[in-house]
Amino acid sequence: MKDKKNKKVLRAEKYEQAMIEGILEGSPEGIGVVVVRLECGCRKMAAVGKDGEPASKVIMYRDHATSICDKCKEDNGSYMRVTEAFIHWIDPAPEEQIQEEIYRKVLGSNPSH
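Residues numbered from 1 in each chain as written. Predicted model: local features only at pLDDT ≥ 70, side-chain atom pairs only at ≥ 80, totals over all residues. Heavy atoms only, no water.

## Section: the overall build of the chain
Within the chain one finds three helices and four strands. Counted from the first residue to the last, the chain has its helices and strands arranged as α-β-β-β-α-β-α. Out of the 113 residues belonging to the chain, those deemed buried represent 38%. Taking the contacts inside the chain whose residues are at least 6 apart along the sequence as the reference set, 53% of them involve residues at least 24 apart. Accessible area of the chain: about 7400 Å², with a carbon and sulfur share of 52%. (Helix = DSSP H or I, 4+ residues; strand = E, 2+ residues; numbered from the N terminus. Buried < 20%, exposed > 50% of the residue type's maximum accessible area, 1.4 Å probe, protein only. Contact = heavy atoms within 4.5 Å. Areas by Shrake-Rupley, 256 points an atom, 1.4 Å probe, with all protein chains shown as cover.)

## A word on the side chain of Gln-99
Structurally, Gln-99 is set in helix H3 (residues 96-107). Judged by its relative accessible area of 16%, Gln-99 is buried. Of note is the side chain of Gln-99, whose polar atom sits 2.8 Å from the backbone oxygen of Pro-94. Excluding residues that lie within four positions of it along the chain, Gln-99 makes contacts with Trp-89, Ala-93 and Pro-94. (Polar contact = N/O pair within 3.5 Å; in protein donor to acceptor, adjacent residues only side chain to side chain.)

## Some words on the pattern of salt bridges
By the definition in use, this model includes eight salt bridges. Between Arg-43 and Glu-13 there is a salt bridge, with its nearest N and O atoms 3.6 Å apart. Note that Arg-43 is positioned in strand E2 (residues 42-49) and Glu-13 in the segment before helix H1 (14-25), a separation of 30 residues in sequence. For Arg-43, a relative accessible area of 7% translates into the label buried. Residues Arg-104 and Glu-100 are paired through a salt bridge, measuring 3.9 Å at the closest nitrogen-oxygen approach. Taken as a pair, Arg-104 and Glu-100 lie in helix H3 at a separation of four residues, close to a single helical turn. A relative accessible area of 12% places Glu-100 in the buried class. (Salt bridge = Lys/Arg side-chain N within 4 Å of Asp/Glu carboxyl O.)

## Here we look at the environment of Val-82
Mapped onto the elements, Val-82 comes out in strand E4 (residues 82-89). Measuring from C-alpha to C-alpha, the distance between Val-82 and Lys-44 comes to 9.7 Å, with 38 residues separating the pair along the chain. Those residues in contact with Val-82 that sit more than four places away from it in its chain are Val-36, Arg-37 and Leu-38.

## So, unusual backbone geometry
With omega at -5°, the peptide bond leading from Asp-91 into Pro-92 counts as cis. Along the chain, Pro-92 turns up in the loop between E4 and H3. Positive phi outside glycine occurs at His-64, with the angle close to 60°. Relative to the elements of secondary structure, His-64 occurs in the loop between strand E3 (59-62) and helix H2 (70-75). For His-64, a relative accessible area of 82% gives the class exposed. Non-glycine residue Asn-76 carries a positive phi angle of around 55°. In this structure, Asn-76 sits in the loop between H2 and E4.

This is the structure we're talking about:
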């Protein structure tokens, strides 16, 4: 069993929450939203279904900006520039084992998770 005290818990920031709610509203089959934070400050988000498959289109945005940055326009937010990624689960969240399976399917293995 993992030591929960050492697990870095990433949570949606206040300004991400409205985007998450909008994505889930348009994706009734979604059980969570994948949040990917890039080093440039842009974000990628998409709803995920109970099978770990996408439940919405990928949304890219940048807080307090009308558009994503030029670098993201060029490389579509390359995963080489990801600083943090997590899944924001709806309530009630799936069981821990299901969360882990979906996390691995969607984001791969991550030593901080």
